[in-house]
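Summary of the model geometry
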Amino acid sequence: MSGNNQEKMPVFLINGFLEAGKTQFISFTLQQEYFQADGVTVLILCEEGDTEYDQELLKKTRTKVITVDSADELDEDFFGRLEALYGPDRVLIEWNGIWPQDQLKLPADWELFQQITIIDGSTFELYLNNMKPLLGLMVRNSELIIMNRCDDLTDDSLTRYRRGLKALNPQADLILEDAEGEIEQELLEEDLPYDMKADVIQIDPGAYGIWYIDALDKEDRYKGKVVEFTAMVLKSPEFPKNYFVPGRMAMTCCEADMTFLGFVCKAREARTLETGMWVKVRARIEYEFWQDYDGTGPVLYAESVEPAEEIKEIVQF
């Protein structure tokens, strides 16, 4: 049982590569009214960057800082000592971005309450090219992704980065920031590579990734619209009768890390389909609760499902 007698010890995991801005983010968060706590906060530092925590801030917020040099230190005895010494209300972990996150084993009565990834936009391309697997692990498990220092990035780069991150974790909230604050990045209908005014919106193979991400974000834009696209069939015994997922494979992180991107679809033809088949789907888009989405998301209602030729190219963002 945690020191404040809560059923679970809430843990906030802040991750990112060295000098991404984790310390600044945690310092800012500790000062916010919504994040104040009556008891002690334990902050576990898994790496030491150039930015140090202000001692007055730590004292004011009753934050105790513990530094570890290896993920091996984070064992059951370590967490037990923290509880015995400090009886904290909560725990923050500033995670080392080059430590695989599967090395973090929390006690049974501790709960990962929120995971946030901080990304330095000015060095993102470097990490994307050289440390994709680690980046993918961080992003996939995060509820919030903040990319800061985007001042020198072009609109094309921002758009590409945004699509790639959303493909890795469609449910995560994504914030892009420059020196002036949050960047409002809106893809206008006239900039889309398909005609939103058409009775049937034709999604060409090269535009699938753009449509997939945009449809996740823009319910008002797509609700009730009819689209037509070619995709591969995914079926599961767990799906309700007459449901399948038409989708495409995307390389979201590295060649060994392929992801199937698709939306659930209800179709009378579903019972005749098998996983791996290629079909052309014409369907109306609605937005409904679906368990696999962990909330509301696009649900397709097929008007027709026909055999189609395989598309060999993977999805691009």
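Data block above holds the structure.
This section reports on the structure supplied with the text. (Residues numbered from 1 in each chain as written. Predicted model: local features only at pLDDT ≥ 70, side-chain atom pairs only at ≥ 80, totals over all residues. Heavy atoms only, no water.)

1. What about the overall build of the chain?
If you tally the helices and strands in the chain, you get eight helices and 15 strands. Projecting the C-alpha coordinates of the chain onto the three principal axes gives extents of approximately 65 × 45 × 35 Å. The contacts of the chain with a sequence gap of at least 6 include a subset with a gap of at least 24, amounting to 72%. When the accessible area of the chain is evaluated, it comes to approximately 16,600 Å², of which 46% is carbon and sulfur surface. For the chain, the separation between the mean place of its 31 positive charges and that of its 61 negative charges on side chains is 7 Å. (Helix = DSSP H or I, 4+ residues; strand = E, 2+ residues; numbered from the N terminus. Contact = heavy atoms within 4.5 Å. Areas by Shrake-Rupley, 256 points an atom, 1.4 Å probe, with all protein chains shown as cover. Lys, Arg positive; Asp, Glu negative; His and termini not counted. Charge placed at Lys NZ, Arg CZ, Asp CG, Glu CD.)

2. Brief notes about unusual backbone geometry
Positive phi values are uncommon outside glycine, yet Arg 149 reaches one of about 55°. Of note, Arg 149 is situated in the loop between β6 (144–148) and α6 (155–168). A positive phi angle is found at Asn 242, which is not glycine, with a value near 70°. Relative to the helices and strands, Asn 242 resides in the loop between β10 (226–234) and β11 (243–251).

3. Looking at a negative patch on the surface
A contiguous patch of negative charge on the surface is contributed by Glu 48, Glu 52, Asp 69, Asp 72, Glu 73, Asp 75, Glu 76 and Asp 77. A residue is classified by how much of its surface remains accessible, and Asp 72, at 65% relative accessible area, is exposed. (Patch = residues over 30% accessible without salt bridge, like charges linked within 9 Å, V, L, I, M, F, W, Y side chains within 5 Å. Salt bridge = Lys/Arg side-chain N within 4 Å of Asp/Glu carboxyl O. Buried < 20%, exposed > 50% of the residue type's maximum accessible area, 1.4 Å probe, protein only.)

4. Focus on helix α5 (residues 132–140)
Structural remark: α-helix, 3.6 residues per turn; residues separated by three or four positions point the same way. Those residues of α5 not exposed but buried are Leu 134, Leu 135, Gly 136, Met 138 and Val 139. Considering only its buried residues, α5 is in contact with β1 (9–15), β5 (110–120), α4 (124–130), β6 and α6.

5. Observations regarding the sheet that holds strand β4 (residues 90–94)
The eight strands are arranged β3-β2-β4-β1-β5-β6-β7-β8 in an open sheet whose pairing can be described as mixed. Each edge of the open sheet is held by one strand with a lone partner, namely β3 (63–67) and β8 (181–182). Bridging between strand β7 (residues 173–178) and β8 involves two bridges; their strand directions are antiparallel. Bridge assignment links Asp 178 to a residue of β8, and that residue is Gly 181. Strands in contact with helix α1 (residues 22–31) are β1, β2 (41–45), β3, β4, β5 and β6; relative to β4, the strand with the most contacts, it is inclined by about 155°. Sheet contacts for α6: β5, β6 and β7; angle to β7, the most-contacted strand, approximately 155°. (Pairing = 2+ DSSP bridges. Axes fitted to C-alpha atoms, helices over the stretch in contact; angles between N-to-C directions.)

6. Considering the packing of aromatic side chains
Scanning the entire structure with this criterion turns up 15 aromatic pairs. Plain terms: the ring middles of Tyr 34 and Phe 35 are 6.5 Å apart, the flat faces sit at 75° to each other, and that makes the pair edge-to-face. Its relative accessible area of 10% is what places Phe 35 among the buried residues. For the pair Tyr 208 and Tyr 212, a centre-to-centre distance of 6.5 Å together with 20° between the ring planes defines the contact as stacked. (Phe/Tyr/Trp six-rings, centres within 6.5 Å; stacked < 30°, edge-to-face > 60°.)

7. Describing α1
Counting buried residues in α1 gives seven out of 10 residues, a clear majority hidden from the surface. If you check which residues of α1 are buried, you get Lys 22, Thr 23, Phe 25, Ile 26, Ser 27, Thr 29 and Leu 30.

8. Considerations on the nonpolar core
Ranked by size, the top nonpolar core spans 43 residues in total, and within it Tyr 194, Trp 211, Tyr 222, Phe 229 and Phe 244 carry the most contacts. Counting 20 residues, the second-largest nonpolar core is a separate cluster that includes Phe 124, Val 139, Met 147 and Leu 168. (Core = buried A, V, L, I, M, F, W, Y, C linked by side-chain atoms within 4.5 Å.)

9. Quick notes on the pairing of β10
Counting buried residues along β10, seven of its nine residues qualify, which places the element largely inside the surrounding structure. Bridging between strand β9 (residues 201–202) and β10 involves two bridges; their strand directions are parallel. Among the inter-strand pairings, Gln 202 is bridged to a residue of β10, identified as Glu 228. Here seven bridges tie β10 to strand β14 (residues 278–290), and the two strands are oriented antiparallel to one another. The residue of β14 that forms the bridge with Ala 231 is Val 279. The pairing of β10 with β11 spans three bridges and is antiparallel. When the sheet's bridge partners are listed, Leu 234 is paired in β11 with Val 245.

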